[in-house]
Amino acid sequence: MQNVLEADLPGAADALTSFLRRWHCSGATFIKVEQAPGFRLVSELAFWGFPPLSIALVDLRRYPLVSLSVHACPYCEQRSLVALIAAPPHHCAAPPPLVHLLRCLPPAPPSRVRASRAAMPLAQRSDDPSESRYCGVEAAYSADVAHTLHSSLDAGFDFVVAPLVDPLYRPSAVERSPDGSAPRIPFAGSDLDLAPSQWSSHVVGKVAPWLDLDGGDPGVARDSETALKQQLSWATHLSLQAVLLPPPLPLRCGNYARCVNQVLRGSATSATQLWLRIPALAPDLEAAEGTRHEDAAAQQREAVSGRRVNDSWEWWDHFRTLCEHHNQLSVALDCGSSLPSASALERWKGEPMRAVLLSSGAFLSNKRGFPCLSKRHQQFLATCFRHNIQVVLTDPDPSASAPAGAPLDVEGDTAPVGPPSTAEDGSNGHVTIPTRHPLRLHLEYIAHLYQKIPPPSEQDRFEAGYRDFLQAPLQPLMDNLEAQTYETFEKDAKKYSQYQLAVAGALRDRVPEEHAAATTTVVMVVGAGRGPLVRASLAAAHETQRRVRVYAVEKNPNAVVTLHHLVALEGWQDSVTIVSCDMRAWDAPEQADILVSELLGSFGDNELSPECLDGAQRFLKPDGISIPAEYTSYLAPITAAKLHADVRAYNDLEHFETAYVVKLHSVATLSPPQPVFTFAHPNRAAVIDNRRYTKLVFSTDEDAGSATLHGFAGYFDAVLYKDVHLGIEPATATPGMFSWFAIFFPLRSPLYLPAGADLEVHFWRCVGPTKVWYEWGVTAPTVSSIHNPNGRSYWVGL
Ligand SMILES: C[S@@+](CC[C@H](N)C(=O)[O-])C[C@H]1O[C@@H](n2cnc3c(N)ncnc32)[C@H](O)[C@@H]1O
């Protein structure tokens, strides 16, 4: 759950939004950004030079405002205005949004019923932004919701998943008002039972499981529809962040999906997420439904739809396709003692999964009788924790859950209860849970698993703010990069150490040891930026004891200013000549032995390295060396629901025909990446043609089941010199390098990929007089349109 309270403060967010917009449009400059209690400032603030944890000034002319919302601290109920603003780029023109906290709004009015103690996240790590640190518990219906909430919070849970109405309630059985439209008596408990912030921060509503909209009985279906809409409307009234919906019937959910879709499309203002409960493993239909008749019906549904009725992912896909992939519809995956195969589970990584409902029946007992999970469950939860997915403990049989008199301080690894003794809160490492709850030991075990996740590395922390955010790729040829962009590049030590290795290898090969003192090698760094490749080349010369004369060619006049300063600063007067020029037009005074460049985009050639280097090779000696020597782009089909929803949110064709730089995270790769286009330098062909066309056939894993294709992840690998390479293709990615994220090519409509289907994809690199662009399309197992014809939506300027 997030702590969004927009609905709780009607008008406040709007007023502040328009105030800030006016402020922004009027050309005013700064917003004061400060830390609110209970929140952390994202670490990227510090990265971009803002002091952490205090006050920062954000120049709105540089960082456009993306959106605003009101958030509440889950602990102190203090509200804050949160602005999403754009931050400096990272091989992209339109940078990713960062969450910045603005001044606090007045605290919420005192709750009529206060929780006796605050909820307790699974770990108290500093700098932990993950939603996964909050753990919920499914509760049975109680007329006293305050008591349900208190006892769950007291046991250490952060929120409850609780029915919104008495499960015995049926709309048709209630006396109606004279016009027959609405029940006379209240159908739910009072909204005054909890404070607004408690409803919105600590309660996920649960829609009654008796609903049956597709079972064939029209009376029940009508009653179910009324109850469903009543309960969802009530959840919106309470500003609940999410509501858990009962699972659909296998491939038989048309009416249920229609009603949910009506609700999703009807209430423009509601931000309530709908979590559709889906079993991780479809129950054996014959056993579950008990009759041959049902089994035959299931087989018939399978035959008609071409979908496997025994694969619960199909139930989800069926339902969300009917709801047109609405972005407020997500999955709560119900996990019991058995899990599907690893490849089948993998598909969920790219789906909008918000919660794992972990049944107490999924737990094993260790030798001492304490709950623990199988290795497979542990691995699955670890993946969920890394992907912001929350655990909700469920208890079909409360009496069987807690061993009587179980102590809280058992240690161990594979079957432990209680966190490791390295607790950061300074305690003795044991979770202190004051009241007995049937699932308290299970919660302790989940907390232990959460705390076992290794803390994020420096690189993880850097990348966290960029995960699954769409960014427009850079156009370094057409545009001039800004100082902050260069600064980001220059922080990537790994990239330059690879270049140094490559230049050193080329220098050694070019000049034998015995000629080193008497031979000067001409090195031309083309696209020198603010000089890091000049520095790497000089370091390689120093390392190999070779003499070099370096030219630094750069077309960005602003970067050239820095280069001139560096000559004095770093003592390059005798060895480096600065040239302010486009490499394609430079009339070089001599020929180069080695041409060093880094004009690579996330997809290799997408920043027009081929066109630039073809223009520069005029001044490379016939036997000269280009670093890089060649580069290849790669593509892999992916499920990426979040990215697709973000593209769809633009509501135009153009954005579906654009490639984006993205730090891919919640994405499932459906088949390993395959090479697409290769460019080698120097290119001595009589006529150089940089147009390319490739048809790729990806096979998919039959055992993994069907999947949704939202688009393609693109990568590159570059051979700098001989065996020195640099790249982001996952199988061979250069470790510790962060200059490039992947590229994402979306599809206009998500495609259904049946289990084991071959996927046929076409990619073109097209070249015109003033621009280069890609076109792409799918021809099997279904046919998509060709995206971006004539570069109408997305192109790179020459
Ligand atoms: C990706 S940046 C790399 C900068 C620097 N070499 C580094 O590694 O930090 C590419 C640089 O090449 C420059 N550039 C791109 N096309 C160029 C061209 N045709 N002639 C000269 N410079 C060019 C850009 O202005 C930019 O500074």
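What you see is a predicted model, and the numbers here were worked out from it, not measured in a lab.

Caption draft 1: The sheet that holds strand 9 (residues 242-245), seen in detail. Pairing in this closed barrel of eight strands is parallel, and the strands run 6-7-8-9-10-11-12-15 around the ring. Between one strand axis and the next, the sheet turns by 30° as a mean value, whatever way the strands run. Bridge count between strand 10 (residues 273-279) and strand 11 (residues 329-335): six bridges; the pairing is parallel. Bridging from a neighbouring strand, Ile278 pairs with Leu333 of strand 11.

Caption draft 2: Molecular detail of the UniProt feature "site: Critical for specifying symmetric addition of methyl groups" (unreviewed entry) in the chain. In the numbering used here, UniProt assigns the feature "site: Critical for specifying symmetric addition of methyl groups" (unreviewed entry) to Phe489. Take Phe489: it is sitting in helix 14 (residues 483-490). You can call Phe489 buried: its relative accessible area is 10%.

Caption draft 3: Focus on the packing of helix 5 (residues 218-237) against helix 6 (residues 254-266). Contact geometry of helix 5 with helix 6 gives a least axis separation of 10 Å together with a crossing angle of 30°. As summarised for this structure, helix 5 and helix 6 are arranged roughly parallel, according to the angle between their axes. Our pair here, helix 5 against helix 6, has a crossing hand that is right-handed. Contacts from Ala221, Glu225, Leu228, Lys229 and Leu232 in helix 5 reach Asn255, Tyr256, Arg258, Cys259, Val260, Gln262 and Val263 in helix 6. A per-class count over the contact of helix 5 with helix 6 returns seven nonpolar, two polar and three charged.

Caption draft 4: Just the layout of surface pockets, in detail. Estimates place the volume of the second largest pocket at around 710 Å³. If you trace the second largest pocket, you find 24 residues lining it, with Lys663, Leu664, Tyr715, Ile728 and Pro730 closest to the centre. For the lining of the second largest pocket, the leading source of residues is helix 13 (residues 458-464), giving three residues. Residue composition of the lining of the second largest pocket, by class: 13 nonpolar, six polar and five charged. When we break the lining of the second largest pocket down by domain, the ones giving at least three residues each are domain 2 (131-464) and domain 4 (630-797).

Caption draft 5: Just empty space enclosed by the protein, in detail. Summed over all chains, the structure comprises four cavities of 30 Å³ or more. Approximately 410 Å³ is the volume attributed to the largest cavity. Around the largest cavity, the lining comprises 30 residues; the ones closest to its centre are Pro476, Gly527, Glu554, Glu598 and Leu599. Taken together, the elements giving at least two residues each to the lining of the largest cavity come down to helix 14, helix 15 (493-510), helix 16 (532-544) and strand 17 (547-554). In terms of residue count, helix 14 provides more of the lining of the largest cavity than any other element does, three residues in total. Here the lining of the largest cavity is built from residues that sort into 16 nonpolar, five polar and nine charged.

Caption draft 6: Representation of the pairing of strand 27 (residues 724-727) within the structure. Here strand 26 (residues 707-721) runs beside strand 27; their pairing, made up of four bridges, is antiparallel. Opposite Val719, over in strand 27, you have His725 as the bridge partner.

Caption draft 7: Representation of the site of the ligand within the structure. Taken together, 21 residues lie around the ligand, and Tyr486, Tyr496, Glu554, Asp582 and Met583 are the ones closest in. Within the contact set of the ligand, a nitrogen atom lies 3.3 Å away from a backbone nitrogen or oxygen of Lys555. Across the complex, the protein chains shield 99% of the 590 Å² of accessible surface that the ligand would expose by itself. With respect to the pocket detection grid, the ligand is positioned in the largest cavity. Mapped by element, the contributors of at least two residues to the shell around the ligand are helix 14, helix 15 and helix 16.

Caption draft 8: Looking closely at the side chain of Ser132. In this fold, Ser132 is placed in the loop between strand 5 (97-105) and strand 6 (135-138). Side-chain polar atoms of Ser132 contact the backbone nitrogen of Asn388, separated by 3.5 Å. Setting aside residues up to four positions removed in sequence, Ser132 forms contacts with Leu122, Cys384, Phe385, Asn388, Ile389, Gln390 and Tyr450.

Caption draft 9: Fine view of helix 9 (residues 312-322). Judged by how many residues are buried, helix 9 sits mostly within the fold: eight of 11 residues are covered. Where helix 9 is concerned, the buried positions are Ser312, Trp313, Glu314, Trp315, Trp316, Asp317, Phe319 and Arg320. Lining the buried residues of helix 9 we find helix 6, strand 10, strand 11, strand 26 and strand 28 (742-753). Immediately beyond the C-terminal end of helix 9, within one or two residues, lies Glu324, with a positive phi of roughly 55°.

Parameters and conventions
Residues numbered from 1 in each chain as written. Predicted model: local features only at pLDDT ≥ 70, side-chain atom pairs only at ≥ 80, totals over all residues. Heavy atoms only, no water. Pairing = 2+ DSSP bridges. Helix = DSSP H or I, 4+ residues; strand = E, 2+ residues; numbered from the N terminus. Axes fitted to C-alpha atoms, helices over the stretch in contact; angles between N-to-C directions. UniProt positions renumbered as here; feature names shortened; annotations may be inferred. Buried < 20%, exposed > 50% of the residue type's maximum accessible area, 1.4 Å probe, protein only. Parallel < 35°, antiparallel > 145°, perpendicular 65-115°, else oblique. Left-handed = near helix turned anticlockwise from the far one by under 90°. Contact = heavy atoms within 4.5 Å. Nonpolar A, V, L, I, M, F, W, Y, C, P; charged D, E, K, R; others polar. 1 Å grid on protein atoms, 1.4 Å probe; cavity = no way out; pocket = protein on both sides within 12 Å on 5 of 7 lines; lining within 4 Å. Points joined across faces, edges and corners; volume = space filled by probe spheres on them. Domains from an automatic or database assignment. Near = heavy atom within 4 Å. Polar contact = N/O pair within 3.5 Å; in protein donor to acceptor, adjacent residues only side chain to side chain. Areas by Shrake-Rupley, 256 points an atom, 1.4 Å probe, with all protein chains shown as cover. Sits in = over half its atoms within 2 Å of the grid points.

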